[in-house]
Amino acid sequence: MGQPQSKPSKPWFIQPGDHIYCQRKGGLYYHHGIYVGDDMVIHLQGKAKKLEPLPECRKCKDKRVQNGEIAKVCIDCFLRGERPRIYDYGVSLLEFLARKGGTCCQRDSKPPHEVISIATYLLERNRFGPYGMLTNNCEHFAVFCKTGSAASYQIECIARGIGAGPVGRLAGAAIAVAWRVSKGVRKT
Ligand SMILES: [Zn+2]
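Everything numeric in this text was worked out from a predicted model, so none of it was measured.

About the cut-offs
- Residues numbered from 1 in each chain as written.
- Predicted model: local features only at pLDDT ≥ 70, side-chain atom pairs only at ≥ 80, totals over all residues.
- Heavy atoms only, no water.
- Helix = DSSP H or I, 4+ residues; strand = E, 2+ residues; numbered from the N terminus.
- Polar contact = N/O pair within 3.5 Å; in protein donor to acceptor, adjacent residues only side chain to side chain.
- Contact = heavy atoms within 4.5 Å.
- Expected span 1.5 Å × (residues − 1).
- Buried < 20%, exposed > 50% of the residue type's maximum accessible area, 1.4 Å probe, protein only.
- Arc of directions from axis to C-beta.
- Axes fitted to C-alpha atoms, helices over the stretch in contact; angles between N-to-C directions.
- Parallel < 35°, antiparallel > 145°, perpendicular 65-115°, else oblique.
- Left-handed = near helix turned anticlockwise from the far one by under 90°.
- Nonpolar A, V, L, I, M, F, W, Y, C, P; charged D, E, K, R; others polar.
- Salt bridge = Lys/Arg side-chain N within 4 Å of Asp/Glu carboxyl O.

## Quick notes on the side chain of Asn-137
Phase 1 of the analysis: Structurally, the position occupied by Asn-137 is in the loop between helix 3 (112-125) and helix 4 (138-147).
Phase 2 of the analysis: In terms of polar contacts, Asn-137 uses its side chain to reach the side chain of Ser-152, at 3.0 Å.
Phase 3 of the analysis: With residues near it in sequence (within four places) discarded, Asn-137 still touches Leu-44, Tyr-131, Gly-132, Ser-152 and Ile-155.

## Some words on helix 3
Phase 1 of the analysis: With 14 residues, helix 3 extends 20 Å between its outermost C-alpha atoms, agreeing within 8% with the 20 Å of an ideal straight helix rising 1.5 Å per residue.
Phase 2 of the analysis: Regarding helix 3, the residues found buried are Val-115, Ile-118, Ala-119, Leu-122 and Leu-123. Within helix 3, the buried residues cover an arc of 130 degrees as seen down the axis, which keeps them to one side. Opposite the buried face of helix 3, by more than 90 degrees, sit the exposed residues His-113 and Glu-124.
Phase 3 of the analysis: Backbone geometry just downstream of helix 3 places Asn-126 in the positive-phi region, at approximately 50 degrees.

## Structural notes on the environment of Arg-24
Phase 1 of the analysis: In this structure, Arg-24 sits in strand 1 (residues 19-24).
Phase 2 of the analysis: Residues Arg-24 and Glu-82, 58 residues apart in the sequence, show an inter-C-alpha distance of 7.9 Å.
Phase 3 of the analysis: Apart from residues lying up to four places away in sequence, Arg-24 is in contact with Tyr-29, His-31, Cys-77, Phe-78, Leu-79 and Arg-80.

## A look at the packing of helix 3 against helix 4
Phase 1 of the analysis: Between helix 3 and helix 4, whose axes approach to 7 Å, the crossing angle comes to 130 degrees. With respect to helix 4, the element helix 3 is oriented oblique. Once helix 3 is placed against helix 4, the crossing between them reads as right-handed. From helix 3, Val-115, Ile-118, Ala-119 and Leu-122 reach across to helix 4, where they touch Phe-141, Phe-144, Cys-145 and Lys-146.
Phase 2 of the analysis: Considered class by class, the residues forming the contact of helix 3 with helix 4 number seven nonpolar, no polar and one charged.

## Section: the pattern of salt bridges
Phase 1 of the analysis: In this structure the tally under the stated criterion is six salt bridges.
Phase 2 of the analysis: In this structure, Asp-39 engages Lys-59 in a salt bridge whose closest nitrogen and oxygen atoms are separated by 3.2 Å. Here Lys-59 lies in the loop between strand 3 (40-44) and strand 4 (65-67) and Asp-39 lies in the loop between strand 2 (29-37) and strand 3, a separation of 20 residues in the sequence.
Phase 3 of the analysis: The partly exposed category is assigned to Asp-39, whose relative accessible area is 21%.
Phase 4 of the analysis: Here Asp-88 ties to Arg-99 by a salt bridge, and the two come within 2.9 Å at their closest N and O atoms. With Asp-88 in the loop between strand 6 (85-86) and helix 2 (93-98) and Arg-99 in the loop between helix 2 and helix 3, this residue pair connects regions lying eleven residues apart in the sequence.
Phase 5 of the analysis: A relative accessible area of 29% means that Asp-88 is categorised as partly exposed.
Phase 6 of the analysis: Salt bridges here are not isolated pairs; linked through shared partners, they connect Asp-39, Lys-59 and Asp-76.

Structure follows, in structure tokens:
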């Protein structure tokens, strides 16, 4: 009930291989995922949050894959009514610092087909480890798919805000190191 969003849900500007994100909880944070085509998104989500009623969505119920904590859902289920935005890659340092954390990064994106392959590989093999807000979140997953190494600027930005500058940067760096340690050696 309340289900069928019959309007075409994918905005024209989203292309397969794009890292997209949207607000959650009224803008408290952003949720990130990789658009892989056919109105489907692969994302990493926390355990507690995946308990939304699966069978209610007509669009992705059949194609829906729940594999550990990486899931493939339709874009409507991903967006939950929020406006999608594109996460930008290859921005300048100035732009990166001027924009809100967790909306862009300086690294370059891999080509779309590689991004989709990585996301699909991680989905099928459930190779990204358990969700952790600080060390292994939805942004880490999406940035990893796009670039081959993970980062969460949303978290680093929060750390930066708390530490106001250098201290925050250190905190961000510490989080990044914690992430690498928690992952150990990984393959792509
Ligand atoms: Zn759905």
